[in-house]
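For reference, the chains in residue letters:
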Amino acid sequence: EPESLRPAMQGVDTAYYLVHSLGAAPDEFRDKERASARNFARAAREAGVRRIIYLGGLGSPGDELSAHLASRQDVGALLCESEAEVIEFRASVILGSGSLSFEMIRALVDHLPVLLTPRWVETLTQPIAVDDVLAYLVAGLDVPVSERCTVYEVGGEDRVSYGGMMRAYARSQGLKRRMVKLPWLSPRLSALWLVLVTPL
């Protein structure tokens, strides 16, 4: 909301942008993401904010990105319209107690002996620990930049799928879990399934 941003930005040197509209309806998601970023950029520009630090999603514009990841990149570009220095950290799956990805994996594996999985569960990711992401975000306060908009890709070194992370978590807890692939299970149906079987 623009009216809430103007007073919040007054006297601010560095602002973090951690807003995410993933909970919005699929047909509204991208518009909400863009409106939020534009409002934030405008308020930052009017207040003379020096630097914006943004946590986005890993991926290059030339890649075949999902609507979700493409939207995250749009947000980074819109924040650059603020005239502030923008540091965009592009992360993949963030793992650690309290992170949505980890809590989802834990809830599914802990409670379901048979995991019904969509095709995207085998897409490779580059998970990173939440503590490492926090360290990057803090380092962003002081790191010198040579360009007004700077992107750092902070994916972890290992390439592993959500399915691989589920299997690894099951092993770490001494649990035997069976995964049944359902290729027709769309991201929307997957989301509804997660709402039914997890507290997230």
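Our subject is the structure listed above.
Note that this is a predicted model, so its numbers are computed, not measured.

(A) Fine view of the nonpolar core. Within the largest apolar cluster, 17 residues are counted, with the highest numbers of intra-cluster contacts made by M9, Y17, F40, I52 and L79. Those elements that place two or more of their residues in this core are helix 1 (2–9), strand 1 (14–17), helix 2 (26–47), strand 2 (51–57) and helix 3 (67–79). With 4 residues, helix 2 is the largest single contributor of residues to this core. Among residues more than four places away in sequence, those in contact with L79 are Y17, A37, F40, A41, I52, Y54 and V86.

(B) Layout of the packing of aromatic side chains. Inspection of every chain in the model, using the stated rule, returns 5 aromatic pairs. Between F89 and Y152, the ring centres sit 5.7 Å apart and the planes meet at 25°, which makes this aromatic pair stacked. Taken as a pair, F89 in strand 3 (residues 85–91) and Y152 in strand 8 (residues 149–153) lie far apart in primary sequence, 63 residues in all. Judged by centre distance (6.0 Å) and plane angle (85°), the rings of F102 and Y169 are edge-to-face. Here F102, found in helix 4 (residues 100–111), pairs with Y169, found in helix 6 (residues 162–172); they are 67 residues apart in sequence, far enough to count as distant. The structure contains a cluster of three or more aromatic residues connected by ring pairs, namely Y17, F40 and Y54.

(C) Spotlight on the pairing of strand 3. In terms of burial, strand 3 is largely enclosed, as 6 of its 7 residues are buried. Across 7 bridges, the pairing between strand 2 and strand 3 is parallel. Each bridged residue has a counterpart across the sheet, and for L55 the counterpart in strand 3 is F89. Across 5 bridges, the pairing between strand 3 and strand 8 is parallel. Following the sheet pairing, I87 is matched in strand 8 by T150.

(D) Region of the structure containing the sheet that holds strand 3. Overall, parallel pairing links the 4 strands, which are arranged 1-2-3-8 in an open sheet. Each end of this open sheet is capped by a strand with a single partner; those strands are strand 1 and strand 8. Neighbour-to-neighbour, the strand axes of the sheet open up by a mean angle of 20°, direction not taken into account. Both strand 1 and strand 2 contribute to a ladder of 4 bridges, which runs parallel. Paired with A15 across the two strands is I52, which belongs to strand 2. Sitting on the sheet, helix 5 (residues 130–139) touches strand 1, strand 2 and strand 3, and the angle it makes with strand 2 is about 155°.

Calculation rules
Throughout this description, residue numbers start from 1 for each chain and increase along the sequence as written. Predicted model: local features are reported for residues with pLDDT of at least 70 only, side-chain atom pairs are reported and counted for 80 or more only, and whole-chain, interface and lining totals are derived from all residues. Hydrogens and water molecules were not included; the side-chain quantities draw on all heavy atoms of the structure. In this text, buried Ala, Val, Leu, Ile, Met, Phe, Trp, Tyr and Cys residues form a nonpolar core when linked through side-chain atoms within 4.5 Å. Exposure is judged per residue with a 1.4 Å probe applied to protein chains only, and the accessible area is read against the type maximum: over 50% gives exposed, under 20% gives buried, and values in between give partly exposed. Helix and strand assignments follow DSSP, with helices taken as H or I runs no shorter than four residues and strands as E runs no shorter than two, numbered in order from the N terminus. Contacts between residues were defined by any pair of non-hydrogen atoms, one from each residue, lying within 4.5 Å. The criterion for an aromatic pair is that two Phe, Tyr or Trp rings (for Trp, the six-membered ring) have centres within 6.5 Å, with stacked assigned to planes under 30 degrees apart, edge-to-face to planes over 60 apart and tilted to the rest. We call two strands paired when DSSP finds no fewer than two bridges between them. Where helices are involved, their axes are fitted lines through C-alpha atoms of the stretch in contact, as for all axes, and angles between N-to-C directions lie from 0 to 180°.

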